[in-house]
Amino acid sequence: MLVHGVVWDSSSPALRLLSPDAEFTDVALARGSSLGLRVVPGMWCLGHTKVHGPGDRTHVPCRSGSPAERGKQCGACFARDDSRLMHDFHRGGSVPPGLRAYLMQPHWLYVATFANGASKIGTASAQRKWNRLAEQGAVHASYVAHAEDGRVVRVLEDLVTRELGLVQQIRSAAKAAALVDPRPVVELSAINRREATNVRELLGGLAMTGFAVVEEEWERPALADPLCTGSFPGAGMRHPYPAAFDGGGHGLRVRSLSGPIALATLSDAAGNDVEGSFVADLGGLKGRKIEFGEHTTDIPALQDSLF
(Lines give C-alpha, C1' and ligand atoms only; values in the text may rest on other atoms or scores of the structure.)
Protein backbone atom coordinates (compact mmCIF):
# COMPACT_ATOMS: atom_id res chain seq x y z
CA MET A 1 0.00 0.00 0.00
CA LEU A 2 1.33 3.42 -0.97
CA VAL A 3 0.73 6.15 1.64
CA HIS A 4 -0.72 9.41 0.31
CA GLY A 5 -0.66 11.14 3.68
CA VAL A 6 -2.98 12.13 6.52
CA VAL A 7 -6.27 13.69 5.39
CA TRP A 8 -8.86 15.64 7.35
CA ASP A 9 -11.98 15.32 5.21
CA SER A 10 -14.04 15.68 8.37
CA SER A 11 -13.38 15.87 12.10
CA SER A 12 -12.29 12.20 11.80
CA PRO A 13 -8.84 12.12 10.16
CA ALA A 14 -7.40 9.15 8.31
CA LEU A 15 -4.25 7.74 6.77
CA ARG A 16 -4.97 7.61 3.02
CA LEU A 17 -3.55 4.64 1.11
CA LEU A 18 -3.45 3.64 -2.56
CA SER A 19 -3.69 -0.08 -3.26
CA PRO A 20 -1.82 -1.86 -6.08
CA ASP A 21 -5.21 -1.85 -7.88
CA ALA A 22 -5.22 1.99 -7.77
CA GLU A 23 -8.05 2.14 -5.21
CA PHE A 24 -7.94 4.56 -2.29
CA THR A 25 -8.50 3.30 1.26
CA ASP A 26 -8.72 5.41 4.42
CA VAL A 27 -7.52 4.02 7.77
CA ALA A 28 -9.12 5.97 10.62
CA LEU A 29 -6.84 7.78 13.08
CA ALA A 30 -9.33 8.25 15.90
CA ARG A 31 -8.28 8.50 19.55
CA GLY A 32 -7.20 5.06 20.75
CA SER A 33 -6.68 3.59 17.27
CA SER A 34 -3.60 1.41 16.78
CA LEU A 35 -1.19 1.37 13.86
CA GLY A 36 1.13 -1.59 13.31
CA LEU A 37 3.11 -1.42 10.09
CA ARG A 38 6.37 -2.13 8.33
CA VAL A 39 7.85 0.48 6.00
CA VAL A 40 9.44 -0.71 2.75
CA PRO A 41 12.67 1.26 2.17
CA GLY A 42 12.41 3.86 -0.60
CA MET A 43 10.29 6.84 -1.61
CA TRP A 44 7.76 6.40 -4.39
CA CYS A 45 5.94 8.67 -6.83
CA LEU A 46 2.39 9.61 -5.80
CA GLY A 47 1.23 10.26 -9.37
CA HIS A 48 -0.33 13.52 -10.48
CA THR A 49 -3.60 15.47 -10.35
CA LYS A 50 -5.81 16.80 -13.12
CA VAL A 51 -8.09 19.62 -11.95
CA HIS A 52 -11.44 19.92 -13.74
CA GLY A 53 -13.03 22.65 -11.60
CA PRO A 54 -14.05 23.50 -8.03
CA GLY A 55 -14.44 20.22 -6.14
CA ASP A 56 -13.71 18.16 -9.26
CA ARG A 57 -10.30 16.61 -9.77
CA THR A 58 -8.85 13.27 -10.84
CA HIS A 59 -5.88 11.50 -9.32
CA VAL A 60 -3.74 9.71 -11.91
CA PRO A 61 -1.42 7.05 -10.43
CA CYS A 62 2.16 6.95 -11.64
CA ARG A 63 2.16 4.82 -14.80
CA SER A 64 5.52 3.23 -14.06
CA GLY A 65 5.42 3.14 -10.25
CA SER A 66 8.68 5.06 -10.27
CA PRO A 67 10.74 6.20 -7.30
CA ALA A 68 10.15 9.84 -6.35
CA GLU A 69 12.58 12.35 -7.86
CA ARG A 70 11.03 15.79 -7.21
CA GLY A 71 9.40 15.93 -3.81
CA LYS A 72 6.91 13.06 -3.86
CA GLN A 73 6.75 12.70 -7.68
CA CYS A 74 8.81 11.35 -10.54
CA GLY A 75 9.82 13.83 -13.24
CA ALA A 76 7.07 12.76 -15.66
CA CYS A 77 4.25 13.08 -13.10
CA PHE A 78 5.57 16.42 -11.86
CA ALA A 79 5.43 17.77 -15.42
CA ARG A 80 1.81 16.56 -15.84
CA ASP A 81 0.52 17.84 -12.47
CA ASP A 82 -1.99 20.70 -12.75
CA SER A 83 -1.58 21.85 -9.15
CA ARG A 84 2.06 22.91 -9.62
CA LEU A 85 0.84 25.74 -11.90
CA MET A 86 -1.46 27.43 -9.39
CA HIS A 87 1.30 29.31 -7.57
CA ASP A 88 2.18 31.41 -10.63
CA PHE A 89 -1.39 32.07 -11.77
CA HIS A 90 -1.59 35.47 -10.06
CA ARG A 91 1.64 36.49 -11.76
CA GLY A 92 0.17 35.91 -15.22
CA GLY A 93 1.08 32.24 -15.61
CA SER A 94 -0.95 30.11 -18.03
CA VAL A 95 -3.17 27.38 -16.53
CA PRO A 96 -5.55 24.75 -17.99
CA PRO A 97 -9.29 25.59 -18.06
CA GLY A 98 -10.14 23.23 -15.18
CA LEU A 99 -7.51 24.72 -12.90
CA ARG A 100 -8.59 28.22 -13.88
CA ALA A 101 -12.17 27.39 -12.85
CA TYR A 102 -10.88 26.10 -9.52
CA LEU A 103 -8.75 29.20 -8.93
CA MET A 104 -11.57 31.59 -9.81
CA GLN A 105 -13.74 30.40 -6.90
CA PRO A 106 -13.75 32.43 -3.64
CA HIS A 107 -10.75 31.96 -1.35
CA TRP A 108 -9.84 32.78 2.24
CA LEU A 109 -6.67 34.37 3.61
CA TYR A 110 -5.63 33.19 7.06
CA VAL A 111 -2.91 33.56 9.69
CA ALA A 112 -1.92 30.28 11.37
CA THR A 113 0.18 29.95 14.52
CA PHE A 114 1.99 26.77 15.56
CA ALA A 115 3.20 25.31 18.85
CA ASN A 116 6.55 27.16 18.88
CA GLY A 117 4.89 30.54 18.31
CA ALA A 118 5.82 30.74 14.61
CA SER A 119 3.08 32.12 12.36
CA LYS A 120 2.44 31.97 8.63
CA ILE A 121 0.12 33.52 6.09
CA GLY A 122 -1.82 31.15 3.87
CA THR A 123 -4.79 30.63 1.58
CA ALA A 124 -7.64 28.15 1.36
CA SER A 125 -10.34 27.63 -1.23
CA ALA A 126 -13.92 28.12 -0.12
CA GLN A 127 -14.53 24.35 -0.15
CA ARG A 128 -11.49 23.60 2.02
CA LYS A 129 -11.69 26.54 4.39
CA TRP A 130 -11.58 24.42 7.58
CA ASN A 131 -9.77 21.31 6.29
CA ARG A 132 -6.73 23.21 5.04
CA LEU A 133 -5.83 24.40 8.52
CA ALA A 134 -6.66 21.06 10.12
CA GLU A 135 -4.25 19.29 7.77
CA GLN A 136 -1.51 21.83 8.47
CA GLY A 137 -1.71 21.28 12.21
CA ALA A 138 -2.33 24.87 13.30
CA VAL A 139 -2.73 25.45 17.04
CA HIS A 140 -4.56 28.74 16.52
CA ALA A 141 -5.66 30.43 13.30
CA SER A 142 -7.67 33.43 12.18
CA TYR A 143 -9.27 34.28 8.85
CA VAL A 144 -8.31 37.81 7.88
CA ALA A 145 -9.79 38.27 4.39
CA HIS A 146 -12.32 36.79 1.98
CA ALA A 147 -11.31 37.18 -1.67
CA GLU A 148 -13.48 36.84 -4.74
CA ASP A 149 -10.99 34.48 -6.42
CA GLY A 150 -7.65 32.72 -6.09
CA ARG A 151 -5.75 35.37 -8.02
CA VAL A 152 -6.70 38.13 -5.60
CA VAL A 153 -5.98 36.05 -2.50
CA ARG A 154 -2.47 35.14 -3.70
CA VAL A 155 -1.69 38.77 -4.46
CA LEU A 156 -2.70 39.57 -0.87
CA GLU A 157 -0.63 36.67 0.46
CA ASP A 158 2.51 37.90 -1.32
CA LEU A 159 1.84 41.45 -0.11
CA VAL A 160 1.63 40.35 3.52
CA THR A 161 4.87 38.40 3.22
CA ARG A 162 6.63 41.37 1.65
CA GLU A 163 5.31 44.04 4.02
CA LEU A 164 5.00 42.17 7.33
CA GLY A 165 7.49 39.35 6.93
CA LEU A 166 5.01 36.52 7.57
CA VAL A 167 6.30 33.39 5.85
CA GLN A 168 4.15 31.19 3.63
CA GLN A 169 5.56 27.86 4.76
CA ILE A 170 6.75 26.25 8.00
CA ARG A 171 8.57 22.94 7.85
CA SER A 172 6.79 19.89 9.20
CA ALA A 173 9.87 18.94 11.24
CA ALA A 174 9.69 22.28 13.08
CA LYS A 175 5.98 21.77 13.82
CA ALA A 176 6.62 18.31 15.25
CA ALA A 177 9.60 19.41 17.35
CA ALA A 178 7.54 22.25 18.84
CA LEU A 179 4.77 19.86 19.92
CA VAL A 180 7.17 17.97 22.18
CA ASP A 181 7.08 21.04 24.45
CA PRO A 182 4.39 23.43 23.15
CA ARG A 183 4.22 27.01 24.37
CA PRO A 184 1.18 27.86 26.58
CA VAL A 185 -2.07 28.07 24.61
CA VAL A 186 -2.89 31.50 26.03
CA GLU A 187 0.42 32.80 24.73
CA LEU A 188 -0.11 31.21 21.29
CA SER A 189 -3.62 32.64 21.06
CA ALA A 190 -2.28 36.12 21.85
CA ILE A 191 0.43 35.77 19.18
CA ASN A 192 -2.13 34.76 16.59
CA ARG A 193 -4.48 37.62 17.47
CA ARG A 194 -1.61 40.10 17.25
CA GLU A 195 -0.41 38.86 13.86
CA ALA A 196 -3.98 38.75 12.50
CA THR A 197 -4.61 42.32 13.68
CA ASN A 198 -1.46 43.51 11.90
CA VAL A 199 -2.56 41.86 8.67
CA ARG A 200 -6.08 43.30 8.87
CA GLU A 201 -4.66 46.79 9.43
CA LEU A 202 -2.42 46.41 6.39
CA LEU A 203 -5.23 45.13 4.17
CA GLY A 204 -7.65 47.75 5.42
CA GLY A 205 -5.42 50.49 4.03
CA LEU A 206 -5.25 49.09 0.49
CA ALA A 207 -6.97 50.71 -2.48
CA MET A 208 -7.21 47.28 -4.11
CA THR A 209 -10.65 45.72 -4.71
CA GLY A 210 -11.87 42.13 -4.92
CA PHE A 211 -11.71 41.25 -1.23
CA ALA A 212 -13.13 42.07 2.19
CA VAL A 213 -11.33 42.13 5.52
CA VAL A 214 -12.91 39.65 7.96
CA GLU A 215 -12.58 38.75 11.64
CA GLU A 216 -13.20 35.07 12.23
CA GLU A 217 -11.37 32.42 14.27
CA TRP A 218 -10.74 28.90 13.04
CA GLU A 219 -12.06 26.09 15.23
CA ARG A 220 -9.35 23.57 16.09
CA PRO A 221 -10.52 19.90 16.01
CA ALA A 222 -11.11 18.40 19.43
CA LEU A 223 -8.78 15.49 18.62
CA ALA A 224 -5.89 17.96 18.45
CA ASP A 225 -6.49 19.57 21.85
CA PRO A 226 -4.38 17.25 24.07
CA LEU A 227 -1.38 17.49 21.74
CA CYS A 228 -1.64 21.25 21.20
CA THR A 229 -2.36 22.20 24.81
CA GLY A 230 0.17 19.90 26.44
CA SER A 231 -2.54 18.32 28.61
CA PHE A 232 -3.29 14.60 28.47
CA PRO A 233 -3.93 12.78 31.77
CA GLY A 234 -1.47 9.96 32.35
CA ALA A 235 0.59 10.75 29.24
CA GLY A 236 3.76 11.43 31.25
CA MET A 237 6.86 13.05 29.79
CA ARG A 238 6.79 13.70 26.04
CA HIS A 239 9.57 12.50 23.76
CA PRO A 240 10.24 12.81 20.04
CA TYR A 241 9.28 9.59 18.26
CA PRO A 242 12.46 7.47 18.40
CA ALA A 243 12.55 6.18 14.80
CA ALA A 244 12.36 7.52 11.24
CA PHE A 245 9.56 6.33 8.96
CA ASP A 246 12.03 5.27 6.28
CA GLY A 247 12.05 1.56 7.02
CA GLY A 248 11.50 -1.10 9.68
CA GLY A 249 8.59 -1.86 11.96
CA HIS A 250 6.44 0.65 13.82
CA GLY A 251 3.66 0.29 16.37
CA LEU A 252 1.69 3.24 17.80
CA ARG A 253 -1.55 3.96 19.63
CA VAL A 254 -2.92 7.38 18.72
CA ARG A 255 -4.00 9.59 21.64
CA SER A 256 -4.22 12.94 19.85
CA LEU A 257 -3.60 14.23 16.35
CA SER A 258 -2.78 17.71 14.99
CA GLY A 259 -2.43 17.77 11.22
CA PRO A 260 -0.30 14.71 10.44
CA ILE A 261 1.44 14.78 13.86
CA ALA A 262 0.36 12.25 16.47
CA LEU A 263 0.73 12.07 20.21
CA ALA A 264 1.12 8.33 20.68
CA THR A 265 1.89 5.67 23.23
CA LEU A 266 4.16 2.72 22.44
CA SER A 267 4.59 -0.86 23.59
CA ASP A 268 7.81 -2.84 23.78
CA ALA A 269 8.38 -6.23 22.13
CA ALA A 270 6.84 -7.97 25.16
CA GLY A 271 3.65 -5.93 24.86
CA ASN A 272 4.32 -3.73 27.90
CA ASP A 273 3.48 -0.04 27.74
CA VAL A 274 6.49 2.26 27.50
CA GLU A 275 6.51 5.10 30.01
CA GLY A 276 5.68 8.53 28.56
CA SER A 277 4.23 9.58 25.24
CA PHE A 278 5.77 10.24 21.86
CA VAL A 279 5.29 12.91 19.20
CA ALA A 280 5.36 11.24 15.78
CA ASP A 281 5.07 12.99 12.42
CA LEU A 282 2.98 10.56 10.38
CA GLY A 283 3.59 12.86 7.41
CA GLY A 284 6.91 11.02 7.16
CA LEU A 285 4.96 8.05 5.78
CA LYS A 286 3.81 9.99 2.70
CA GLY A 287 5.32 8.45 -0.42
CA ARG A 288 6.28 5.27 1.48
CA LYS A 289 5.02 1.75 0.86
CA ILE A 290 3.79 -0.03 3.98
CA GLU A 291 2.55 -3.42 5.07
CA PHE A 292 0.23 -3.74 8.07
CA GLY A 293 0.89 -6.30 10.78
CA GLU A 294 1.80 -6.90 14.42
CA HIS A 295 4.82 -4.62 14.50
CA THR A 296 6.42 -2.58 17.29
CA THR A 297 8.75 0.39 17.33
CA ASP A 298 12.37 -0.21 18.28
CA ILE A 299 12.74 1.95 21.40
CA PRO A 300 16.17 3.03 22.64
CA ALA A 301 16.83 3.70 26.31
CA LEU A 302 15.18 6.97 27.31
CA GLN A 303 16.11 9.30 30.16
CA ASP A 304 13.84 12.15 31.10
CA SER A 305 15.61 15.46 31.60
CA LEU A 306 15.91 16.56 35.22
CA PHE A 307 16.27 20.22 34.29
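Below is a summary of the structure that appears in this document. (Residues numbered from 1 in each chain as written. Predicted model: local features only at pLDDT ≥ 70, side-chain atom pairs only at ≥ 80, totals over all residues. Heavy atoms only, no water.)

Considerations on the overall build of the protein chain
So, step 1. When its secondary structure is counted, the protein chain shows seven helices and 15 strands.
So, step 2. Principal-axis analysis of the C-alpha atoms places the extent of the protein chain at approximately 65 × 50 × 25 Å.
So, step 3. A total of 307 residues make up the protein chain; the buried ones form 48% of that total. (Helix = DSSP H or I, 4+ residues; strand = E, 2+ residues; numbered from the N terminus. Buried < 20%, exposed > 50% of the residue type's maximum accessible area, 1.4 Å probe, protein only.)

Details of the state of the cysteines
So, step 1. Within the structure shown, the criterion is met by zero disulfides.
So, step 2. Among the cysteines around Cys45, which has no disulfide bond, Cys77 carries the closest sulfur, lying 3.6 Å off.
So, step 3. In this structure Cys45 comes out as buried when scored by relative accessible area, which is 4%. (Disulfide = S-S within 2.5 Å.)

Some thoughts on helix H5 (residues 172-180)
So, step 1. Within H5, the full set of buried residues consists of Lys175, Ala176, Ala178 and Leu179. Projection of H5 onto a plane perpendicular to its axis shows the buried side chains occupying an angular sector of 160°, all on one side.
So, step 2. Buried residues belonging to H5 abut helix H3 (129-136), helix H7 (225-229), strand E11 (238-240), strand E13 (261-265) and strand E14 (277-281). (Arc of directions from axis to C-beta. Contact = heavy atoms within 4.5 Å.)

With respect to the nonpolar core
So, step 1. Within the largest apolar cluster, 37 residues are counted, with the highest numbers of intra-cluster contacts made by Leu15, Leu29, Leu133, Leu257, Leu282, Leu285 and Ile290.
So, step 2. Residues Leu109, Ala145, Ala196 and Leu203 belong to the second largest nonpolar core, which totals 15 residues. (Core = buried A, V, L, I, M, F, W, Y, C linked by side-chain atoms within 4.5 Å.)

A few points about the side chain of Gln136
So, step 1. Positionally, Gln136 belongs in helix H3.
So, step 2. In this structure the side chain of Gln136 is engaged in a polar contact, spanning 3.1 Å, whose partner is the side chain of Tyr110.
So, step 3. Those residues in contact with Gln136, other than ones at most four positions away along the chain, are Tyr110, Phe114, Lys120, Lys175 and Gly259. (Polar contact = N/O pair within 3.5 Å; in protein donor to acceptor, adjacent residues only side chain to side chain.)

Points about the sheet that holds strand E9 (residues 140-147)
So, step 1. With respect to topology, four strands assemble into an open sheet ordered E8-E7-E9-E10, the strand pairing being antiparallel. Here the strands that pair on one side only, and so sit at the sheet edges, are strand E8 (119-125) and strand E10 (211-217). Strand after strand, the sheet turns through a mean of 25° between neighbouring axes, direction not considered.
So, step 2. The pairing of strand E7 (residues 107-113) with E9 spans seven bridges and is classified as antiparallel. Residue pairing in the sheet places Ala112 in a bridge with Ala141 of E9. (Pairing = 2+ DSSP bridges. Axes fitted to C-alpha atoms, helices over the stretch in contact; angles between N-to-C directions.)

What about the pairing of E7?
So, step 1. Across the seven residues that make up E7, a large majority, seven, are buried.
So, step 2. Neither face of E7 is open: one carries His107, Leu109, Val111 and Thr113, the other Trp108, Tyr110 and Ala112, and all of them are buried.
So, step 3. Counting the residues between successive antiparallel strands, the hairpin from E7 to E8 contains five residues, one of them, Gly117, with a positive phi of roughly 95°.

Thoughts on the packing of aromatic side chains
So, step 1. For the structure shown, the criterion picks out four aromatic pairs.
So, step 2. Taking the centre distance of 6.4 Å and the plane angle of 35° together, the rings of Trp130 and Trp218 count as tilted. Taken together, the residues Trp130 in helix H3 and Trp218 in the loop between E10 and H7 connect sequence positions 88 residues apart.
So, step 3. By relative accessible area, Trp130 is classed as partly exposed at 24%.
So, step 4. With centroids separated by 5.0 Å and ring planes inclined at 10°, the aromatic side chains of Tyr241 and Phe245 adopt a geometry described as stacked.
So, step 5. Residue Tyr241 is classed as buried on the basis of its relative accessible area of 10%.
So, step 6. Grouped by ring-pair contacts, the aromatic residues Trp8, Trp130 and Trp218 constitute a single cluster.
So, step 7. Sitting over the ring of Trp108, Lys129 keeps its end group 3.8 Å from the ring centre.
So, step 8. If you follow Lys289 out to its NZ or CZ, it ends over the ring of Trp44, 4.0 Å from the centre. (Phe/Tyr/Trp six-rings, centres within 6.5 Å; stacked < 30°, edge-to-face > 60°. Lys NZ or Arg CZ within 6 Å of the ring centre and 35° of its normal.)

Quick look at the side chain of Arg200
So, step 1. Relative to the assigned elements, Arg200 resides in helix H6 (residues 185-204).
So, step 2. No salt bridge is formed by the buried Arg200; the nearest opposite charge belongs to Glu215, separated by 4.8 Å.
So, step 3. Beyond its immediate stretch of four places on either side in the chain, Arg200 contacts Ser142, Tyr143, Val144, Val213, Val214, Glu215 and Glu216. (Lys, Arg positive; Asp, Glu negative; His and termini not counted. Salt bridge = Lys/Arg side-chain N within 4 Å of Asp/Glu carboxyl O.)

A few points about the environment of Gly259
So, step 1. With respect to the secondary-structure elements, Gly259 resides in the loop between strand E12 (248-258) and E13.
So, step 2. Given the relative accessible area of 2%, Gly259 is considered buried.
So, step 3. Spatially, the C-alpha atom of Gly259 lies 21 Å from that of Arg193, the residues being 66 residues apart in sequence.
So, step 4. If sequence neighbours within four positions are ignored, Gly259 has contacts with Val6, Trp8, Ala134, Glu135, Gln136 and Gly137.

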